[in-house]
Every structure is written in C-alpha cells, then in structure tokens.
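# Residue-level structure breakdown
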Amino acid sequence: MPSGPAAAGEVMSGRIKLVLLLVLIGALSVAVFLGCQAPPTDGRQEGDDAVDRVIKTDEEWREILTPEQYRVTRMKGTERPFSGEFNDFYEEGTYSCVCCSNPLFSSDAKYDSGTGWPSFWEPISDQSIATARDTRFLMVRTAVMCIRCDAHLGHVFKDGPEPTGLRYCINSVALDFVASGEE
Ligand SMILES: [Zn+2]
C-alpha cells in the first residue's frame, strides 16, 4: 500500500483523469447528438435549392407593404372573412405573392369554398409554397408560406375538392393578381 504525499498525488491525478474522461464523454455525446439532428428545414420542401430566395429585414418589409399586408404576411395575421378583394373574384389569371411576386396559384385551381377567403385546391407549381405546422390559438393547422420569401399566406386543410382534396385558404391581402395576357 503506498502511503504519504505520493499516494495523495496519485489519488488526485486519478480523479483528474476521471474528470477529464467524463468531460470528454460529455463532449462526444453532444457532438454525436448534434450530428444526428436533421438539418433545419424551416418547413421548406425539396427542390428549394432552385428557389431564388428573397430575404429582407422587418424594416424593409414595412417600407414596401401596407400595414395590413405586413400584419398578415410578416406577422402571420388573418384578414376578416368576406373582406378580401379576391374572395368573390373569378377572373382568369395568376395570383402571386404580394411580397415578392412569386407565382402562387392559378385561377384554374380557385373555387368558392364559402369560407370568406380565396380558396384553391393546388398551388401553381412546386416552387410556389412551403408548409409548416402551426399550433397557435389552441389549434393544429398547417400554415402555408411563400417558398421564396416566407410570407405567411394562410392555411391548408384536407376538406377541399378533387383531385387533391386540399383547400388552400389564402388571405386576399397576401396576393397580387395578374390577369391572363398581362404577364
Ligand atoms: Zn413571396
């Protein structure tokens, strides 16, 4: 049995080794944990790499949008039902994002859902929208955003008409309309 200061030193260095080992294991665990995390998606979907993203500060959005456009698209607001200019509107053309002009929906996919908001059964392309889970207001809904600029557009529900069975319930104020032939 060793004794005296040498033994105390050995015990001490043993403890230091143990502590270092634990720190190392901890660091490795964190590294493995982080490595296993899926990359952040922001709700965006495949094919995003091809999307020409539009990124602006809140201040820049405020400058180019009306207060109501800003409230709905950048603050995830909702316009009052039956209040929007495109609710009862059936011209032929393309609806685009009011923030960045990304084409979102064709008038061909618009229908009267009776909800008071413009409703579509499909987006115009896979470069139009992204979706994300929205659990605000004690509801589980699927929010719909512009894939280019993340503007909040509305929500999508599974009670739409064929062929998709989807109802994209979109705020008029988030949309611009370009009539056919005026593109
Ligand atoms: Zn946009």
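Just so you know, these numbers come straight off a predicted model, no measurement behind them.

## Quick notes on the sheet that holds strand 5 (residues 129-134)
Pairing within the open sheet is antiparallel, and its six strands lie in the order 3-4-8-7-6-5. At either margin of the open sheet sits one strand with a lone partner, and together these are strand 3 (110-111) and strand 5. Two elements, strand 3 and strand 4 (residues 119-120), share two bridges in a ladder whose sense is antiparallel. Bridge assignment links Lys 110 to a residue of strand 4, and that residue is Phe 120.

## Here we look at helix 3 (residues 67-75)
Turning to helix 3, its buried residues are Gln 69, Tyr 70, Val 72 and Thr 73. Buried positions along helix 3 lie against helix 2 (58-64) and strand 7 (152-157). Immediately beyond the C-terminal end of helix 3, within one or two residues, lies Lys 76, with a positive phi of roughly 55°.

## Considerations on the nonpolar core
Counting residues in hydrophobic clusters, the biggest one holds 31 residues, and the most contacted among them are Cys 146 and Ile 170. The set of elements that each furnish at least two residues to this core consists of helix 3, strand 1 (93-97), strand 2 (103-106), strand 5, strand 6 (141-146), strand 7 and strand 8 (167-170).

## Quick look at the sheet that holds strand 1
A sheet is described by the order of its strands in space; here three strands give the open sequence 2-1-9, paired in antiparallel fashion. Here the strands that pair on one side only, and so sit at the sheet edges, are strand 2 and strand 9 (175-179). The sheet shows a mean angle of 30° between the axes of neighbouring strands, direction not considered. As defined by bridge partners, strand 1 adjoins strand 9 across five bridges and the pair is classed as antiparallel. Across the sheet, Thr 94 pairs through a bridge with Val 178, a residue of strand 9.

Reading the values: the criteria
- Residues numbered from 1 in each chain as written.
- Predicted model: local features only at pLDDT ≥ 70, side-chain atom pairs only at ≥ 80, totals over all residues.
- Pairing = 2+ DSSP bridges.
- Helix = DSSP H or I, 4+ residues; strand = E, 2+ residues; numbered from the N terminus.
- Buried ≥ 20, exposed ≤ 12 C-beta atoms within 10 Å, placed from the backbone.
- Contact = placed C-beta atoms within 7 Å.
- Core = buried A, V, L, I, M, F, W, Y, C linked by C-beta atoms within 7 Å.
- Axes fitted to C-alpha atoms, helices over the stretch in contact; angles between N-to-C directions.

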